[in-house]
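As a plain string of letters, each chain reads:
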Amino acid sequence: MSALVATAALSVGYGAGRPALADVTFDLRAGERIAVLGPNGGGKTTLFRALLGELRPSSGALALDGRCASVPQTERSRLDFPVSALDVVLMGTLPARAWWRRPRRADRADARAALARVGLADRAERTYGELSGGQRQRVLIARALVQDARTLLLDEPFTGLDAASAARLEALLAELAGEGRGVLIATHDLEQARRWDRVLCVNGRQVAFGEPAATLTHEVLAATYGGAIVTLPGEDPAAPHHAILPPHHHHHDHAH
Amino acid sequence: MLHALADPFSQALMQRALAEVLLLAVVGGTLGCWVVLGGLSYGAESLAHGMFPGLVLAALAGVPLLLGGAAGILVAALAIALAGQAGVGRVGRDDAVAVAVTTLFGLGALLALSPRAPVGIQGLLFGDVLSTSGADLLAGGALVAVVLLALRLAHWRLLAVGFDRDGARALGLRSPALDALLLGLVALAVLVAVQGLGNLLVVAVLVAPAAAARLLTDRLAPMMAVAVAVGAAAGIGGLYLSYYVRIAAGASIAGLLVAAYLLARATSSIRKGSAAPAH
């Protein structure tokens, strides 16, 4: 099976100096969900920006099969902006159009189909800022789907969602992977990461990559999170729970 | 009654003033929505005040105000950009910009108050919409055409960048180019509108109608329509006030724009108050 994303010793940085992320060698296959774990500023955003073509690799190789589309955190968008859910999805049709052209009937049909795909057909005309956090996240996924992207890059999509919304989003990601898309998910949630296909741990460089059970060892987690990790006493001493400190998430983690 | 409504506009002077306020209402209402949504009100005001010495020098030298204004706006933009750069560290960007703009404005006032200054220079500060010339209307019409065309072409890109900058960048949109487009249009609008409304009041027409409309609407197209209507109503109302009550037209228009904003605020808080129990 061919990979949607494949990198070899990829290094990416911002201008001269040490790269923000170095030595990344991983691949994402169609139908796979890969968790990207790492501390804030550890290079998760940098990796996504390289895959989106915003940053050029300073060394190494990066090969893409099909377009990558980004699903940013919903709180980075303006909730007070006068746009409908449909308007937001239509923004995803911009790259495929000449700059002076307005959305055509076909673009609107595509946008509505993408909203239906994420279960929000009946919310198309609602104001984006008035939707729930989970619905907003799904609107942004629809915006990525309308770009005809084979690979989706999600930045901490579960942050701030209640249990029901999180379960619904988790099911949607499983469906999208089932359709043959590749899904990369930046997350802080280890339990979630264990349920997906593979994990990529980064902390300025690649720490580990592989299947969760074999990869998420105490040593790897300590190297990923720089020692800010504690082992919680579990009922089964053979399978201790790991927790990451500090527990609060910075919502604006620009990797520099 | 009908006579009283039609009477003011029997004079050519008032007809030209009416055409000018309607043109400015269209520019202020459409471009103003992007000014308000983009948080550019302070920038627009800085440009308007910073260009003052250019206007005064043009009046003193007897060259067309449009020319002096254009030079003044370029100098102001440069000063604001430099102040914005310099204002890192202990002095905030806004503070540095405020110092630069006040300096320019003070320089303009110094020149305007000199004994050599021609009479009527206060028109630069407060405008004189009643002295709108045919050339002013031509400039106003051209401004409307440029602004409407640019906003229509860039609509979706401006929307995407305004909505979320990072997401727009991931879509391959160039936010700095769109920012520059918006600021360029604002500079152009200030330059043309300053003739009619004056240096101090020009910002009112760019900000107040859109701010009022934002409170009453939740989509961009209706917001622009309401903003244009508010601007037009305040413009026409201001002309009546100046005709019948004999107060300055520019000040009347600005006063009515502020009144419209306050009315919109009251309306929207009443609506919110009555809608709240239903949720």
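Reading the values: rules and limits
- Residues numbered from 1 in each chain as written.
- Chains lettered and ligands numbered in written order.
- Predicted model: local features only at pLDDT ≥ 70, side-chain atom pairs only at ≥ 80, totals over all residues.
- Helix = DSSP H or I, 4+ residues; strand = E, 2+ residues; numbered from the N terminus.
- Buried ≥ 20, exposed ≤ 12 C-beta atoms within 10 Å, placed from the backbone.
- Contact = placed C-beta atoms within 7 Å.
- Rg over C-alpha atoms; globule rule 2.2 N^0.38 Å.
- Pairing = 2+ DSSP bridges.
- Axes fitted to C-alpha atoms, helices over the stretch in contact; angles between N-to-C directions.
- Domains from an automatic or database assignment.
- Nonpolar A, V, L, I, M, F, W, Y, C, P; charged D, E, K, R; others polar.
- Parallel < 35°, antiparallel > 145°, perpendicular 65-115°, else oblique.
- Left-handed = near helix turned anticlockwise from the far one by under 90°.
- Core = buried A, V, L, I, M, F, W, Y, C linked by C-beta atoms within 7 Å.
- pLDDT = per-residue confidence, 0-100.
- Expected span 1.5 Å × (residues − 1).
- Arc of directions from axis to C-beta.

The number of helices and strands found in chain A is 8 helices and 12 strands. Looking at the 256 residues of chain A, the share that counts as buried comes to 43%. Across chain A, every contact between residues at least 6 apart in sequence was considered, and the portion connecting residues at least 24 apart equals 69%.

A tally of regular secondary structure across chain B gives 12 helices and 0 strands. The secondary structure elements of chain B, listed N-terminal to C-terminal, are α-α-α-α-α-α-α-α-α-α-α-α. In terms of overall dimensions, chain B is globule-like: its C-alpha atoms have a radius of gyration of 19 Å, near the 19 Å expected for 279 residues. Based on the C-alpha atoms only, the size of chain B along its principal axes is roughly 55 × 55 × 35 Å. With 279 residues in all, chain B has 47% of them scored as buried. Considering only contacts in chain B between residues 6 or more positions apart, those separated by 24 or more positions represent 71%.

Turning our attention to the sheet that holds strand 10 (residues 206-210) of chain A. Two pairing modes exist for strands in a sheet, parallel and antiparallel, and in both the strands are linked by backbone hydrogen bonds. Residues and elements named next belong to chain A. The strand order 6-7-8-4-9-10 describes an open sheet built from 6 strands, whose pairing is mixed. Across the chains shown, the open sheet's two edge strands, defined by having one partner strand only, are strand 6 (68-71) and strand 10. Put simply, the sheet's adjacent strands are angled 15 degrees from each other on average, direction ignored. Direction of pairing for strand 4 (residues 33-37) relative to strand 9 (residues 198-202): parallel, over a ladder of 4 bridges. For Val 36, the partnering residue across the bridge sits in strand 9 and is Leu 200. The strands that helix 4 (residues 133-145) touches are strand 6 and strand 7 (151-155); relative to strand 6, the one it contacts most, it runs at about 165 degrees.

All names here are of chain B. When you tally the buried positions in helix 4 (residues 52-61), you get 7 out of 10 residues, the bulk of the element. Along helix 4, the positions that sit buried rather than exposed are Phe 52, Pro 53, Gly 54, Leu 55, Val 56, Ala 58 and Ala 59. Buried-residue contacts for helix 4 involve helix 3 (41-50), helix 5 (65-86), helix 6 (93-112), helix 7 (122-126) and helix 10 (175-216). Two residues or fewer after helix 4 comes Gly 62, characterised by a positive phi angle close to 75 degrees.

Right, let's get into the domain arrangement of chain A. Residues and elements named next belong to chain A. Domains assigned within chain A are domain 1 (1-66 + 150-256) and domain 2 (77-147). Listed per partner, the contact involves 8 residues of domain 1 and 8 residues of domain 2. In terms of residue count, helix 5 (residues 163-178) provides more of the side of domain 1 that touches domain 2 than any other element does, 4 residues in total. Considering only residue class, the side of domain 1 that touches domain 2 consists of 5 nonpolar, 2 polar and 1 charged.

Once that is clear, we can look at the packing of helix 3 of chain B against helix 5 of chain B. All names here are of chain B. Two elements in contact, helix 3 and helix 5, have axes separated by 8 Å at closest approach and are oriented at 130 degrees. Here helix 3 lies oblique to helix 5, going by the angle between them. Viewed along their axes, helix 3 and helix 5 form a crossing whose handedness is right-handed. Of the residues in helix 5, those in contact with Ser 46, Leu 47 and Gly 50 of helix 3 are Ile 73, Ala 76, Ala 77, Ala 79 and Ile 80. Residue composition of the contact of helix 3 with helix 5, by class: 6 nonpolar, 2 polar and no charged.

Let us now look at the nonpolar core. Within the largest apolar cluster, 158 residues are counted, with the highest numbers of intra-cluster contacts made by Val 89 of chain A together with Val 186, Ala 189 and Val 190 of chain B. No other element matches the 25 residues that helix 10 of chain B contributes to this core. Summarising the domain contributions, this core has at least three residues from each of domain 1 (1-66 + 150-256) and domain 2 (77-147) of chain A. Look past the residues within four positions of Ala 189 of chain B in its chain and what remains in contact with it is Val 27, Leu 31, Leu 143, Val 147 and Leu 206 of chain B.

This brings us to the pairing of strand 4 of chain A. Residues and elements named next belong to chain A. Most of strand 4 sits inside the fold, with 5 of its 5 residues counted as buried. Note: strand 4 against strand 8 (residues 182-186), 4 bridges, orientation parallel. Note on strand 8: the bridge partner recorded for Arg 33 is Val 183.

Of all residues in chain B, 96% attain a pLDDT of 70 or more, and the chain-wide mean is 88. The secondary structure element of chain B with the lowest average pLDDT is helix 7 of chain B, at 79, and the one with the highest is helix 11 (residues 220-244) of chain B, at 96.

A few words on helix 5 of chain B. All names here are of chain B. Helix length check: helix 5, at 22 residues, gives a terminal C-alpha distance of 31 Å against a target of 32 Å (1.5 Å per residue), a fit within 8%. What helix 5 keeps buried is the set Gly 68, Gly 69, Gly 72, Ile 73, Ala 76, Ile 80 and Ala 83. Buried residues along helix 5 cover an arc of 130 degrees about the axis, so they all sit on one side. Exposed side chains of helix 5 directed beyond 90 degrees from the buried face belong to Leu 78, Ala 81 and Gln 85. Where helix 5 is buried, its residues contact helix 3, helix 4, helix 6 and helix 10.

Our next topic: unusual backbone geometry. Residue and element names in this part refer to chain A. Of note in this structure, Asp 148 is not a glycine but carries a positive phi near 60 degrees. Along the polypeptide, Asp 148 turns up in the loop between helix 4 and strand 7. Phi is positive for Glu 156, close to 45 degrees, though the residue is something other than glycine. In this structure, Glu 156 sits in the loop between strand 7 and helix 5.

On to the environment of Ala 167 of chain A. Residues and elements named next belong to chain A. Locating Ala 167 in the fold gives a position in helix 5. You can call Ala 167 exposed: it has 12 C-beta atoms within 10 Å. Taking C-alpha positions, Ala 167 is 9.8 Å from Gly 134, a pair spaced 33 residues apart along the chain.

So, about the confidence of the model for chain A. Of all residues in chain A, 88% attain a pLDDT of 70 or more, and the chain-wide mean is 88. Confidence drops under pLDDT 50 across residues 247-256 of chain A; counting only partners more than four residues distant or on other chains, this segment forms 20 contacts.

Residues and elements named next belong to chain A. It is at 9 Å that the axes of helix 4 and helix 5 come closest, and there the two elements cross at 20 degrees. When the interaxial angle is binned, helix 4 and helix 5 end up roughly parallel. Read as a crossing pair, helix 4 and helix 5 show a hand that is right-handed. For the pair formed by helix 4 and helix 5, the contact residues are Gly 133, Gly 134, Gln 137, Arg 138 and Ile 141 on the first element and Ser 165, Arg 168, Leu 169 and Leu 172 on the second.

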